Amino acid sequence: MVSRKKPVSRKTQGRAGAVVLLALVVLSALPFLQTLHFQLVWDDPLLLGEVGRVAGPGGVPALFASDFRLASDRPLGYYRPLTTTSLWLQIRDVWRTHGADVPPATARALHALNLVLHMLCTVLVWLIIRRWVHDPWVAGLGAALFAVHPVHVEPVAFVSARTDLLAAVFVLGSLVCWMDAGSSVGRRRVVAIAAGLVLALAGPLAKEQALLLPVVLLAWSFLLPEGKQAGTRRTRLVLSALWVLPVAIALALRARVMSSQPEPGFGFEAASFFHTGLPALLLYVKLWILPWPLNGYYTVDALAVRLPVVMGFAAIILLIVVAVRGGRSRETMASLCVFLVFLLPVLRLLPLGGAVAAERFLYLPSAGLALITSLALVAFERSRSSRITSRGVIGAAIVVCMLLSVRGARPWASDASLYAHMVRVSPRAAPAHRGLAQVYTVAKRYPEAARECRQAIQLDPGFADAYELLGVVSARQADYATAHQAFDAALRLAPNRATIHSNLGVLAANEGKLDEAVRCFRRAAELAPGFADAHYKLGFALLVSGDVEGARKEAAILDRLDPSQANALRQRIAQQAASGQPEGAPRP
């Protein structure tokens, strides 16, 4: 028997909406509050160092005139100035004294902003669902699943994943404005259009994924039913055409900066798409339904179609069928469009490098899955018994997801816990073993570090980073023969890698070959003029060799690259002047 719900007044709905909104803000924060005490991990120090190198002398305008990279000699082909600007504004006050080695208070602030961005995304997802689902509690359950989902641990806990959070805030915010502009008139429409266009411009400047927003809007123009909540199709098409303008501006800005940078090749790669793209798509679907175990680094082995993947895919199909049969076919297709379109860039349609899959890639696309889940939930609202059952199931899923998120975030507390977790969950990932080797190196556990380097090389014989770190570890153990072999192998794989030449300079200095060390450091500085560590070691080597004026010149260069290293080098110059004796050789 179908139960008829009494009509709810607008005032009551407004109160319920406020309560749901407050609950969502709290829910989205609870599992991730622990990240405020986490260290910076993985690529975070590299990214902050590169941001400081660019913005230190030139400020924010320099970031808009530079590409996005983790090291000055390793271009990635990305242009994300809003992401780097947000990082610079948080570290600029401590940059002169600490460089990329930021104090705990700054690390806490970096993590806090990531958390705030996630809370904003949760609210925006709820606002979109509310356009299609009148009951604020039902819409709140779908948004709550987005708020606490374990697949969002990586983008929240990993400062370098701010690109995904910012892009999602701008894209979802622009979607809300587009919907509001389609259904409103007068001044409100003007404000919605203006705000939506600004957000649409900001999105691609945070991550390239947002360039596809006009595709989603065009699809929504045809898919969504006409009415008070979405406007007419003609109005939506006109608005979608307007939304192309900010994307075109973002592309022009990118082209101006990237014209001198090597771009990835373009062209459809069918083999790569079918070999890794489609299996990755199935993995992302599985992660929404069965989000365990979490993995910081996925290899091709993780893309194998196993029973959990099949179960996840079947569950999503079931949700889509339920939503469609519940009379929400158009909204369901629009939600599916969000998921698929924003996932396209990482499905190997183009020859891009990097990981075959990553949980942070699913952040924005998962908003579409949250919409589908909410629409399926609406279909169960027709009778009292099914309503209680469906809400109970979703409520239980939210609790389980929250617990899994709390547990899943813990490995991101430090490099040591993160890389140990990566090796345990993905033992065939060479970067995981190399990362654990770096942790052992910092802890001066050199035999374990060498073992992990060799494991990484065995898994990936073309992994230059592993050879390079093996050379550093061997030099630390005074095994200079092995160090030379490792560095030579690294140079064969990456002859223009500045860090390898710098480490060769350290090895030469340790062997008493000071002239050779100076040559290596100069070569490293030539290959990567923004490589602060190479300039510091060159200045130190020049100081040891008696060229005090040359050391002072390197300190002057470091003033704009890394003021903390400039101060350290000047202190050494002053100490040598006071003692009258040259210091020892530089050490990595």
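Not measured: the values here are computed from a predicted model. (Residues numbered from 1 in each chain as written. Predicted model: local features only at pLDDT ≥ 70, side-chain atom pairs only at ≥ 80, totals over all residues. Heavy atoms only, no water.)

Asker: Even after reading the chapter, I still don't get the overall build of the chain, so can you show me in this structure?
Answerer: Within the chain one finds 26 helices and 2 strands. A compact globule built from 588 residues should have a C-alpha radius of gyration of about 25 Å, and the chain, at 27 Å, falls within 12% of that. Overall, the chain is about 95 × 50 × 45 Å in size when its C-alpha atoms are taken along their principal axes. Relative to its full complement of 588 residues, the chain shows a buried share of 54%. Summing over all exposed atoms, the chain offers an accessible surface of approximately 25000 Å²; the carbon and sulfur share of this is 63%. (Helix = DSSP H or I, 4+ residues; strand = E, 2+ residues; numbered from the N terminus. Rg over C-alpha atoms; globule rule 2.2 N^0.38 Å. Buried < 20%, exposed > 50% of the residue type's maximum accessible area, 1.4 Å probe, protein only. Areas by Shrake-Rupley, 256 points an atom, 1.4 Å probe, with all protein chains shown as cover.)

Asker: Just checking my understanding: could you explain the nonpolar core for this structure?
Answerer: Taken as a class, soluble globular proteins show a tendency for nonpolar side chains to be buried jointly. If you look at the biggest cluster of nonpolar residues, it comprises 91 residues, and the most contacted ones within it are W132, L172, L175, W220 and Y284. The element contributing the most residues to this core is helix α7 (residues 162-183), with 13 residues. With near-sequence residues (within four places) excluded, L175 lies in contact with I128, L213, V216, L217 and W220. (Core = buried A, V, L, I, M, F, W, Y, C linked by side-chain atoms within 4.5 Å. Contact = heavy atoms within 4.5 Å.)

Asker: What is the right way to read unusual backbone geometry from this model?
Answerer: When glycine is set aside, most residues are seen to have a negative phi, and most peptide bonds are trans. Between W292 and P293 the backbone carries a cis peptide bond, its omega angle lying at 0°. Secondary-structure assignment places P293 in the loop between α12 (270-289) and α13 (307-325). A positive phi is found at K444, a non-glycine position, where the angle reads about 65°. Position of K444 relative to the elements: it lies in the loop between α18 (430-442) and α19 (446-459). Of note, the phi angle at A478 is positive, near 65°, even though the residue is not glycine. Note on placement: A478 falls in the loop between α20 (464-476) and α21 (480-493).

Asker: Honestly, the packing of helix α23 (residues 514-527) against helix α24 (residues 532-544) in this entry has me stumped. Any pointers?
Answerer: Two packed helices can be described by the angle between their axes and the distance between those axes. Two numbers describe how α23 lies on α24: the axes approach to 9 Å, and their chain directions differ by 155°. Comparing their axes, α24 and α23 come out roughly antiparallel. Our pair here, α23 against α24, has a crossing hand that is left-handed. Of the residues in α24, those in contact with L514, V518, F521, R522, A524 and A525 of α23 are A534, H535, K537, L538, A541, L542 and V544. Each residue belonging to the contact of α23 with α24 can be placed in one class, and the counts come to 10 nonpolar, 1 polar and 2 charged. (Axes fitted to C-alpha atoms, helices over the stretch in contact; angles between N-to-C directions. Parallel < 35°, antiparallel > 145°, perpendicular 65-115°, else oblique. Left-handed = near helix turned anticlockwise from the far one by under 90°. Nonpolar A, V, L, I, M, F, W, Y, C, P; charged D, E, K, R; others polar.)

Asker: When you look at the side chain of K286 in this model, what are you seeing that I'm missing?
Answerer: As for its position among the elements, K286 is in helix α12. One buried charged residue, K286, remains without a salt bridge, the closest side chain of opposite sign being E359 at 7.9 Å. Within the structure, the side chain of K286 is placed 3.1 Å from the backbone oxygen of W292, a separation counted as a polar contact. Contact partners of K286, with chain neighbours within four places excluded, come to P291, W292, P293, P308, V309 and G312. (Lys, Arg positive; Asp, Glu negative; His and termini not counted. Salt bridge = Lys/Arg side-chain N within 4 Å of Asp/Glu carboxyl O. Polar contact = N/O pair within 3.5 Å; in protein donor to acceptor, adjacent residues only side chain to side chain.)

Asker: Please explain the environment of Y536 as it appears in this structure.
Answerer: As for its position among the elements, Y536 is in helix α24. Judged by its relative accessible area of 13%, Y536 is buried. As for Y536 and V238, which are separated by 298 residues in sequence, their C-alpha atoms are 57 Å apart.

Asker: Even after reading the chapter, I still don't get the packing of aromatic side chains, so can you show me in this structure?
Answerer: Geometry of an aromatic ring pair is reported as the spacing of the ring centres plus the angle between the planes. This structure, assessed with the given rule, holds 8 aromatic pairs. Centre to centre, the rings of W42 and Y297 are 6.4 Å apart; their planes meet at 55°, and the pair counts as tilted. Taken together, the residues W42 in the loop between α1 (10-29) and α2 (44-64) and Y297 in the loop between α12 and α13 connect sequence positions 255 residues apart. Exposure remark for W42: the relative accessible area of 18% places this residue in the buried category. An aromatic cluster is defined as three or more aromatic residues linked by ring pairs; in this entry it consists of W42, F158, Y297 and W412. One residue, R572, lies across the ring of F540, its end atom 4.5 Å from the ring centre. (Phe/Tyr/Trp six-rings, centres within 6.5 Å; stacked < 30°, edge-to-face > 60°. Lys NZ or Arg CZ within 6 Å of the ring centre and 35° of its normal.)

Asker: I tried to follow the side chain of T373 on my own but got confused; where do I start?
Answerer: Of note, T373 is situated in helix α15 (residues 366-379). A residue is classified by how much of its surface remains accessible, and T373, at 7% relative accessible area, is buried. Leave out the neighbours within four places in its chain, and T373 touches L145, W288, L319 and I394.

Asker: Whenever I open this one, the packing of helix α5 (residues 136-148) against α15 confuses me. Can you help?
Answerer: With their axes 9 Å apart at the nearest point, α5 and α15 run at an angle of 145° to one another. Our pair here, α5 against α15, has a crossing hand that is right-handed. For the pair α5 and α15, the contacting residues are V138, A139, L141, G142, A143, L145 and F146 in the first and S366, A367, A370, T373, S374, L377 and V378 in the second. For the contact of α5 with α15, the per-class residue count stands at 10 nonpolar, 4 polar and no charged.

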